[in-house]
Amino acid sequence: MHSADEPEKNCGVATPVEGAISDSNSDDERLAEMGYKAELTRDFGLLSCLALGFSITNTWLAVSGALVTGISNGGAITFIWGTWLMLFIHIAVGASLGELASAYPNSGGQYYWVSQLAPQSCRRFLSYFTGVVAWAGATVTGASCCLITSQFAFGIVILFKPDFGYKPWMGFVGYQILNFLTFFLNCYSHILPYLASTSLWLSLFSFVTVTITILAVSPQKADAADIFGKGGYVNMSGWESDALNVLTGLLGVNWGFSCLDGCVHLAEEMPNPSKNIPKAIMGTVTIGFITSWIFSIAIFFVITDIEAVISTPTGVPILMVFYQALRESKVGASVLLGMLIACFVGALSTIHTWMCRLTWSFSRDNGFPLSKYLSKVAPQPFNVPFVAHVFGTFWIAVLGLLYLASTTAFNSLVTGGILMQYISYMIPVGLLMAQGRKLERKGCFWLGSRSEVKGGLLGWLANGILMLWGCFTCVIYSFPYVMPVQPGNMNYVSVVIVMIIVYAIIYWLFVGRKQFRAFDKLEAGESVPISK
């Protein structure tokens, strides 16, 4: 066995990194050093991992789903220039996650990183808390995708039958059908890489088809000044402050750049994760920016009546954009939206994969009730954490009940999903910064520390941007989207976050502190007993 002080080989790094992990061990042996045995097959490769990561974020597709938020709060300015801001921020976020995923390639992701970075006195609780928050963020993301897809389908019905009379229970039924459909798609491990790759290519094909179609057929185009300049600014939110109007609208753009940890939780299902996961994360950000920026420009070029888009009776603004662009063709608009619905189904399937792996890995360390069962991997032909998959699907189904009770509360839950992801990123990255960005076990992807070349400036910059943006969004995304504030339009995301924190603390005090396991920090070359 090589010492962990030797550089990892075949990492694609120009210069050796002191303290990097040796490549002489197999991926399963490295996992054993972390205290776990390999239970899942390594069916994913770099492309299929990238496909899963992009399918989860699906940045251009998220623009269509979140158009209802940003179009009133800034309009074209929010989406077109906000996308550049998101690129800058999420290069830093992706780099920060990539460093830790490379150093600690473990399906647990953020909560495992915390177990290796936190002080001994609070290691177990911080690790547990991070796992709860990360899992909650993934589950809420699945719920939001279910609802948007269901609403898109009913939007087509309303377009053809304006007197249809949509009721929340109808959306709830569609929500549950989609949830259980994608549950069955995730029951066989050997098809998951193919499903993820299919979702990627379907998304890219739909992006090209939709973008070209609306630009080619649209009867008139907006002036460039109305897209890139002040003419593209819209304030129909009621905010007197232009800054707050745009900043609250950024939520819609930000949604498409969230979920970057999706690839991280495939660390035990792909070869050489220390090298491939950072590549997949940065590839996700890059493809997401290119597609979302072009798509945002296209849709604002073809909008002929922005007020009609905002107040559309279908409840689906992107459908009205297609309707205007295709010269009021209901069939054409429905076909384009149908392509988006198919992409959302693919996205939801990969979200189930992400959430299932989080549930399973956290259960290995007794993070949930019934962890004894949730941590089991089903035998062939399934070879997936089947009970964990059922558990996650059940909670997505339960969250759908909230939509029946209050659409406002459900929308706040969706915002909470983004914030919970950022919180789960900030905890390990903040701990890394607190110890001077020093890691005993560095992976292939490492931006340096204070003692290394140029003082690790890029690493400090990336981590600092993540921390500042995470703190900023926890404040700004808690503001109401429209003014004046009423019970029906209030943003209750702070209530959602508090509820998650209260649950985590109560469960920890009564159960978690007795049974949750977090390994002590692994020193270079050290190994621990394999988890049973």
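Please refer to the structure higher up on the page.
To keep things clear, this report deals only with the structure shown in the data block.

Attention now moves to the environment of Leu431. Here Leu431 shows up in helix α17 (residues 407–434). Taking relative accessible area as the criterion, Leu431 reaches 14% and is therefore assigned buried. Placed 200 residues apart in sequence, Leu431 and Gly231 show a C-alpha to C-alpha distance of 44 Å.

When its volume is computed, the largest pocket comes out at roughly 1100 Å³. Elements with a minimum of two residues in the lining of the largest pocket: α3 (59–70), α6 (123–160), α10 (242–255) and α17. Residue composition of the lining of the largest pocket, by class: 21 nonpolar, 20 polar and no charged. Size it by volume and the second largest pocket reaches roughly 630 Å³. For the second largest pocket, the lining is made up of 21 residues, of which Trp395, Leu399, Leu413, Met499 and Ile500 are closest to its centre. Only α6, α16 (386–405), α17 and α19 (493–515) provide two or more residues apiece to the lining of the second largest pocket. Within the lining of the second largest pocket, the residues separate by chemical class into 20 nonpolar, one polar and no charged.

So, about the side chain of His265. Structurally, the position occupied by His265 is in the loop between α10 and α11 (273–302). Here His265 falls in the buried class, since its relative accessible area comes to 0%. In terms of polar contacts, His265 uses its side chain to reach the backbone carbonyl oxygen of Ser107, at 2.7 Å. A distance of 3.3 Å separates a polar atom in the side chain of His265 from a polar atom in the side chain of Gln110. In this structure, His265 is in contact with Ser107, Gly108, Gly109, Gln110, Trp354, Arg357 and Leu358, ignoring residues within four places of it in sequence.

It is worth spelling out unusual backbone geometry at this point. Omega for the peptide link from Gln380 to Pro381 comes to 10°, which places this bond in the cis form. Tracing the chain through its elements places Pro381 in the loop between α15 (371–374) and α16. Each neighbour pair has its own omega, and for Met483 with Pro484 the value is -5°, a cis peptide bond. Along the polypeptide, Pro484 turns up in the loop between α18 (457–476) and α19. Although it is not a glycine, Asn272 adopts a positive phi angle of roughly 45°. Tracing the backbone shows Asn272 in the loop between α10 and α11. Backbone geometry at Glu328 places phi at a positive 60°, although glycine is not the residue there. With respect to the helices and strands, Glu328 occurs in the loop between α13 (317–325) and α14 (330–364).

Thresholds, definitions, all that
- Residues numbered from 1 in each chain as written.
- Predicted model: local features only at pLDDT ≥ 70, side-chain atom pairs only at ≥ 80, totals over all residues.
- Heavy atoms only, no water.
- Helix = DSSP H or I, 4+ residues; strand = E, 2+ residues; numbered from the N terminus.
- Buried < 20%, exposed > 50% of the residue type's maximum accessible area, 1.4 Å probe, protein only.
- 1 Å grid on protein atoms, 1.4 Å probe; cavity = no way out; pocket = protein on both sides within 12 Å on 5 of 7 lines; lining within 4 Å.
- Points joined across faces, edges and corners; volume = space filled by probe spheres on them.
- Nonpolar A, V, L, I, M, F, W, Y, C, P; charged D, E, K, R; others polar.
- Polar contact = N/O pair within 3.5 Å; in protein donor to acceptor, adjacent residues only side chain to side chain.
- Contact = heavy atoms within 4.5 Å.

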